[in-house]
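# Coordinate inspection notes
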Amino acid sequence: MNGNNSTYKSPLTDRYASAEMSFNWSPQRKHSTWRRLWVALAESEKELGLNITQEQIDQMKQHLDDIDFEAVAEKEAQLRHDVMSHIHVFGAQCPAAMPIIHLGATSCFVTDNTELIQMRDGLKILLGKLLKVAEILAANAEKYKNMPTLGFTHYQPAQLTTVGKRFTLYLQDFLFDIERVEHELKNLPMRGVKGTTGTQASFMELFNGDHEKIRQLDKLVANKMGFDKTIAVSGQTYTRKIDYFVLSALSGIAQSAYKFAGDVRLLANLKEIEEPFEKNQVGSSAMAYKRNPMRSERICSLSRYLMNLPLNAAQTHSVQWFERTLDDSANRRISLPEAFLTADIILSLVANVANGMQVWPKVIESHVMQELPFMATENILMAAVRAGGNRQELHEAIREHSMEAGKRVKAEGAKNDLLDRLAADPLFAKVAPKFHEILAPASFVGRAPQQVDDFLETVFRPVKERLASFENVKMDAVNV
């Protein structure tokens, strides 16, 4: 049996996720970050007067990425402790530094700080992808801002809007998500150097009770790892409430994506808008004619999973007894990476669908014209009154003709002939020649085109300019 196919593989990494997000949550990234944290700690302790040599630090820096994972596994089988196993293997590579690696720290110094670093960098990846999605949606909004389409409330025909205006609704959701991700990035603290139960007692011993040096140590390590602040107080771990806040922002991305993809699925049924469909793509194993919205369905499937993860984080936070318990560990090893990987995949899929979307103007126009006669009756009524007709008499005639036309559409499956009925009625003879003008779809979309222009100029463009440094993110690394 092929060993590669005899064990479970996560579809998040094996099938869908981008290389950059997969690497961010990989063992290599995790444990090389541990080593960088040990270097930052040693450097900072040296700067504050502890007896640590430059030779020790230089040896550590020479082995930041060459991790012998087999040796770590063998050591962990003996020690039953992952952090100590890595300390021993790292120390064997840089023997001069072995006595000072992890000096004064607890395991959560590397585990918690690394997870916060991975979340920070993961949020940056997602922010770039959110901007790319927003740019694609904005382009669609601009392209189709003047195209009338049937609006729906309760999934029943309502007043007209435009295809472009509808895209601004999706765009606005994702812009809210950008704000939330930016907020989490701005406020995400490092755990810092807090000691075994958060009291920094071990560092009081190392620095002979010098409180100011311990405060400096906390800041120095954080700054070396790219943070401008640490969490003010902690137990052994940083409060798991932070996980809930971050996963809630990711859940928001899933909500926006599901709304967009759900609408695409409904529009595909109407044959108005369809997701990309490859030349040789198979829609159904049985029904060869089908064009199933498989990518949009995948977005909805993954989004439903991601939307449920914040509840997991909330429950984990709520049951952390006193300074910590270990029942969070195994859970978070799964939930944190999977939340980010899932969000990454969702955004790549949304970008793919939105960028290659097929819009069918004739079908959209046909659906508009099926319903527009009913919507235009008030306009026809006003025109007929201005032409000298009796408002009450005209209203009753429109009501009767509308009921008959509606009955014909529903009972016989025939086309809507309301306009033909009104044109044949002598009461409307003076305005019948103007029906084409009165029923111009563009007259029924309100300010939709102008709303698109206003939204892109005053809401989207400032976000795009603020996030200009994230524009070059790659979106093609997902198996769509």
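Here, the structure is the one placed above.
Only a predicted model underlies this, so the values are computations on that prediction, with no experimental measurement involved.

### A look at the packing of aromatic side chains
- Applying the stated criterion across every chain yields a total of 7 aromatic pairs.
- Ring plane angle 45° and centroid distance 5.2 Å describe the contact between Phe152 and Tyr155, whose orientation is recorded as tilted.
- Relative to Phe260, the ring of Tyr170 has its centre 5.3 Å away and its plane inclined at 80°; by these criteria the two rings are edge-to-face. In this pair, Tyr170 sits in helix H8 (residues 163-187) while Phe260 sits in helix H11 (residues 241-270), placing the two residues 90 residues apart along the sequence.
- By relative accessible area, Tyr170 is classed as buried at 4%.
- Looking at Phe260, the relative accessible area reads 0%, which means it is buried.

### Some words on unusual backbone geometry
- With a phi angle near 60°, Arg80 is a residue other than glycine that sits in the positive phi range.
- When you line up the elements, Arg80 lands in the loop between helix H5 (69-79) and helix H6 (82-93).
- Phi at Lys271 is positive, roughly 65°, even though this residue is not glycine.
- One can find Lys271 in the loop between H11 and strand S3 (273-274).
- Look at Lys271 and you get exposed, because its relative accessible area is 54%.

### Structural notes on empty space enclosed by the protein
- Within the structure shown, the criterion is met by 3 cavities of 30 Å³ or more.
- Put simply, the largest cavity is a space of about 60 Å³.
- Taken together, Val163, Arg166, Phe167, Tyr170, Asp263, Val264, Leu267, Ile273 and Met357 make up the lining of the largest cavity.
- Those elements giving two or more residues to the lining of the largest cavity turn out to be H8 and H11.
- With 4 residues, H8 is the largest single contributor of residues to the lining of the largest cavity.

### Some words on the pattern of salt bridges
- Scanning all chains against the criterion turns up 30 salt bridges.
- In this structure, Asp121 and Arg120 form a salt bridge, with 2.9 Å as the shortest nitrogen-oxygen distance. The pair formed by Asp121 and Arg120 is uniform in burial state, with each residue classed as buried.
- Bridged by salt links that share partners, the residues Glu43, Glu47, Lys61 and Lys224 form one connected network.

What counts, and where the lines are drawn
- What you see as residue numbers is a count from 1 along each chain, following the sequence as written.
- Only residues with pLDDT of 70 or above have their local features reported here, since the model is predicted, and side-chain atom pairs are shown and tallied only from 80 upward, although totals for entire chains, interfaces and linings are computed over all residues.
- Side-chain measures were taken over the full set of non-hydrogen atoms in the model, leaving aside hydrogen atoms and water.
- Working definition: a ring pair exists when centres of Phe, Tyr or Trp rings (six-membered ring for Trp) sit within 6.5 Å. Plane angles under 30 degrees give stacked, over 60 give edge-to-face, the rest tilted.
- Numbering goes from the N terminus for both helices and strands, where a helix is a DSSP run of H or I of at least four residues and a strand is a run of E of at least two.
- Relative accessible area decides the class of each residue, using a 1.4 Å probe on protein chains only: under 20% of the type maximum gives buried, over 50% gives exposed, and in between gives partly exposed.
- In the cavity and pocket records, a cavity denotes points on a 1 Å grid over the protein atoms alone where a 1.4 Å probe fits but cannot get out, a pocket denotes an open set with protein on both sides within 12 Å along at least 5 of 7 lines, and lining residues are residues with an atom within 4 Å of a point.
- Grid points are joined across faces, edges and corners, and a volume is the space filled by probe spheres set on the points.
- Whenever a carboxyl oxygen of Asp or Glu lies within 4 Å of a side-chain nitrogen of Lys or Arg, that contact is scored as a salt bridge.

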